[in-house]
Amino acid sequence: MRLLTLDDIADQRAYERERDAFRRQVIAVKKLRRISIGPVVTLTFENRLTMRFQVQEMARAEKMFSDEQIQHELDVYNRLIPAPGELSATLFLELTSDEELRTWLPRLVGVQRSVQLRIGAGERAQIVASTPEDEYESNLTREETTSAVHYVRFAFTPGQVEAFVTQPVTLAVVHPEYPDGLPGTTLSDATRDELAADLTGV
């Protein structure tokens, strides 16, 4: 998947003209790419489109006009665009109150290493486990508590990519303090097709 460059980012006036239509497009795509597992864990699988939206919105909110400012954002968010044979996701802990934060953040330390994509069914299912993005992990978690946001990657073998395209896929969380992460959430055919395009580059 091609990385974003300065040429991909519209200037502020041009972006304002396209923003409403672009937001509708991104919302529709994210609806397919957003998967909840249990009561508080949600993953949004990122691609070039979602990252362009992130950069455009950041530049708009922070009133960034220089190439240097935009390039800094591109350097940050390009790391979240999956390489061939990979999926990349933002993991959210959907916590809306102080009580939920105090309850869940200490319990879910290590959650960024506890997500699995299970390809196929039963004992023969192939498992692709999440790995955290090194650039972000040291800033997002501690031994006694975790963050409400993590960035994770799933690296597939060629055989797993082939199986992903044709077999049922379940997204699960195998953290000991999160029993609701199992048996997981089965991806719809539309979501699987959307993510398969990331894996195969089609």
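Right above here is the structure, for reference.
**Student:** Explanation requested: the environment of Ile-81 in the structure shown.
**Tutor:** As for its placement among the helices and strands, Ile-81 is situated in the loop between helix H3 (67-77) and strand E3 (86-93). When the C-alpha atoms of Ile-81 and Pro-183 are compared, they prove to be 28 Å apart, with 102 residues separating the residues in sequence. With near-sequence residues (within four places) excluded, Ile-81 lies in contact with Met-1, Arg-2, Leu-3, Leu-4, Asn-47, Arg-48, Met-51 and Arg-153.

**Student:** Which parts of the structure should I look at to understand the sheet that holds E3?
**Tutor:** Within a sheet, adjacent strands bond to each other through the backbone by hydrogen bonds, running parallel or antiparallel. Spatially, the eight strands line up as an open sheet ordered E1-E2-E3-E6-E5-E4-E7-E8, and their pairing is antiparallel. Of all strands in the sheet, those with a lone pairing partner are strand E1 (34-37) and strand E8 (185-186), marking the two edges. Where helix H7 (residues 189-200) meets the sheet, it contacts E1, strand E2 (41-46), E3 and strand E7 (169-173), and its direction lies at approximately 125 degrees from that of E3.

**Student:** Whenever I open this one, unusual backbone geometry confuses me. Can you help?
**Tutor:** Both trends apply: most residues other than glycine have a negative phi, and most peptide bonds are in trans. A cis amide bond links Leu-182 to the next residue, Pro-183, at an omega of 5 degrees. Note that Pro-183 resides in the loop between E7 and E8. Positive phi, normally seen in glycine, also occurs at Lys-63, with a value near 55 degrees. Inspection of the secondary structure assignment puts Lys-63 in the loop between helix H2 (48-62) and H3.

**Student:** I'm lost on the pattern of salt bridges in this one. Help?
**Tutor:** Oppositely charged side chains are able to pair whenever their charged atoms sit close together. Under the counting rule described, the total for this entry stands at twelve salt bridges. Two residues, Glu-16 and Arg-60, come together in a salt bridge whose shortest N-O distance is 2.5 Å. Of this pair, Glu-16 sits in helix H1 (residues 12-33) while Arg-60 sits in helix H2, and the two are 44 residues apart along the sequence. In this structure Arg-60 comes out as partly exposed when scored by relative accessible area, which is 29%. A salt bridge links Glu-94 to Arg-34; its shortest N-O distance comes to 2.6 Å. Placement of the pair is Glu-94 in the loop between E3 and helix H4 (98-107) and Arg-34 in strand E1, with a sequence separation of 60 residues. Among the residues examined, Glu-94 registers a relative accessible area of 32% and is labelled partly exposed. Salt bridges sharing partners connect three or more residues here, namely Arg-2, Asp-8 and Arg-48.

Rules of the game
Residues numbered from 1 in each chain as written. Predicted model: local features only at pLDDT ≥ 70, side-chain atom pairs only at ≥ 80, totals over all residues. Heavy atoms only, no water. Helix = DSSP H or I, 4+ residues; strand = E, 2+ residues; numbered from the N terminus. Contact = heavy atoms within 4.5 Å. Pairing = 2+ DSSP bridges. Axes fitted to C-alpha atoms, helices over the stretch in contact; angles between N-to-C directions. Salt bridge = Lys/Arg side-chain N within 4 Å of Asp/Glu carboxyl O. Buried < 20%, exposed > 50% of the residue type's maximum accessible area, 1.4 Å probe, protein only.

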